[in-house]
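Chain and residue survey
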Amino acid sequence: MTDNSILPEDRNPLGRNLLELKRPIVLVGLMGAGKSTIGRRLARDIGLDFVDSDEEIAEAAGCSIPDIFEIYGETIFRDLEKRVILRLLSSEPTVIATGGGAFMNAELRDMIKSNAISVWLRAELEVLLERVSRRNTRPLLEQGDKRAILTRLMNERHPIYSEANLAVDSGEGAHETVVLDIIQRVKAYSGDVS
Ligand code: S3P
């Protein structure tokens, strides 16, 4: 019998957890850095499940991220975000794409640092802007000029994102190149922490 619930691109013909990771990989970085797209491909290529923390939050709350911000406010969103990511960190190793603000929470950052391999997906302002302007699903960017907001967030957050275990550039090129870069870096790094 064919299992139609698994899309062909989600199947890994080579096997599960190819890097034999004991910890999840947590992707951090600004909105538009490509955490979800790259994370999904990375997970597929190394035979792990992929989880997007924003999707998990929306599912737990029963409404979209913009609706959570509008109805309950950012503080409640951050609380949900923290709880969801803490839960994800304690399950089997997966690839976790976090929302851009998650790593800014000191407690969550410490938990990520001690329980996961964190990867900062670093991208130039123009790349971020190009990507975020395709959708209007990010409440923080709907509060004014996207360029100005992203510039401010880069200044505030880049020093904190740089505390991640690894930093990988996510440019305009093919996502697959970034994925390969992450795999090589994680492989070299995970020997020290597994
Ligand atoms: C946010 C980033 C978003 C989402 C929320 C807040 C942030 O996720 O969690 O809108 O504070 O940077 P992405 O980084 O996946 O867009």
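As a starting point, this report considers the structure included with it. (Residues numbered from 1 in each chain as written. Predicted model: local features only at pLDDT ≥ 70, side-chain atom pairs only at ≥ 80, totals over all residues. Heavy atoms only, no water.)

Bringing the packing of aromatic side chains into the picture now. Per the counting criterion, the structure on display carries two aromatic pairs. Taking the centre distance of 4.8 Å and the plane angle of 40° together, the rings of phenylalanine 69 and phenylalanine 77 count as tilted. The exposure class of phenylalanine 69 is buried, given its relative accessible area of 14%. Note on phenylalanine 77: relative accessible area 3%, which makes it buried. Ring centres of tryptophan 120 and tyrosine 161 lie 6.0 Å apart, and the angle between their planes is 45°; this geometry places the pair in the tilted category. One end of the pair, tryptophan 120, is in strand β4 (residues 117–122); the other, tyrosine 161, is in helix α7 (residues 146–161), and 41 residues separate them in sequence. Each of the two residues, tryptophan 120 as well as tyrosine 161, counts as buried. Between arginine 122 and the ring centre of tryptophan 120, over which it is positioned, the NZ or CZ distance is 5.2 Å. (Phe/Tyr/Trp six-rings, centres within 6.5 Å; stacked < 30°, edge-to-face > 60°. Buried < 20%, exposed > 50% of the residue type's maximum accessible area, 1.4 Å probe, protein only. Helix = DSSP H or I, 4+ residues; strand = E, 2+ residues; numbered from the N terminus. Lys NZ or Arg CZ within 6 Å of the ring centre and 35° of its normal.)

On to the site of the ligand, then. Surrounding the ligand, one finds 13 residues, the nearest of these being Lys35, Asp54, Arg78, Arg138 and Arg157. With respect to the ligand, the side chain of lysine 35 contributes an N or O atom lying 2.6 Å from an oxygen atom. Between the ligand and glycine 101 there is a distance of 3.4 Å, counted from an oxygen atom to a backbone nitrogen or oxygen. Expressed as a share of its isolated accessible area of 380 Å², the protein-covered part of the ligand is 94%. Each residue belonging to the shell around the ligand can be placed in one class, and the counts come to five nonpolar, three polar and five charged. (Near = heavy atom within 4 Å. Polar contact = N/O pair within 3.5 Å; in protein donor to acceptor, adjacent residues only side chain to side chain. Areas by Shrake-Rupley, 256 points an atom, 1.4 Å probe, with all protein chains shown as cover. Nonpolar A, V, L, I, M, F, W, Y, C, P; charged D, E, K, R; others polar.)

This next bit is on the environment of aspartate 54. Counting through the fold element by element, aspartate 54 comes out in helix α2 (residues 53–61). Given the relative accessible area of 24%, aspartate 54 is considered partly exposed. Sequence-wise, aspartate 54 and alanine 97 are 43 residues apart; in three dimensions their C-alpha atoms are separated by 8.2 Å. The residues contacting aspartate 54, other than those within four sequence positions of it, are Ile65, Phe77, Glu81 and Gly99. (Contact = heavy atoms within 4.5 Å.)

Below, the discussion takes up the sheet that holds strand β1 (residues 25–28). Reading across from one edge, β2-β3-β1-β4-β5 is the order of the five strands in this open sheet, with parallel pairing throughout. Where the open sheet ends on each side, the last strands, each with one partner, are β2 (50–52) and β5 (166–169). Between one strand axis and the next, the sheet turns through 25° on average, direction left out of account. Two elements, β2 and strand β3 (residues 95–97), share three bridges in a ladder whose sense is parallel. (Pairing = 2+ DSSP bridges. Axes fitted to C-alpha atoms, helices over the stretch in contact; angles between N-to-C directions.)

A separate point is the packing of helix α6 (residues 125–132) against α7. At their nearest, the axes of α6 and α7 sit 10 Å apart, and the two run at 130° to each other. By the angle between their axes, α6 is oblique relative to α7. The handedness of the crossing between α6 and α7 is right-handed. On α7, the residues touching Leu125, Glu126, Leu128, Leu129 and Val132 of α6 are Lys146, Arg147, Leu150, Thr151 and Met154. Of the residues assigned to the contact of α6 with α7, the class counts are six nonpolar, one polar and three charged. (Parallel < 35°, antiparallel > 145°, perpendicular 65-115°, else oblique. Left-handed = near helix turned anticlockwise from the far one by under 90°.)

Structural measurements only, silent on function.
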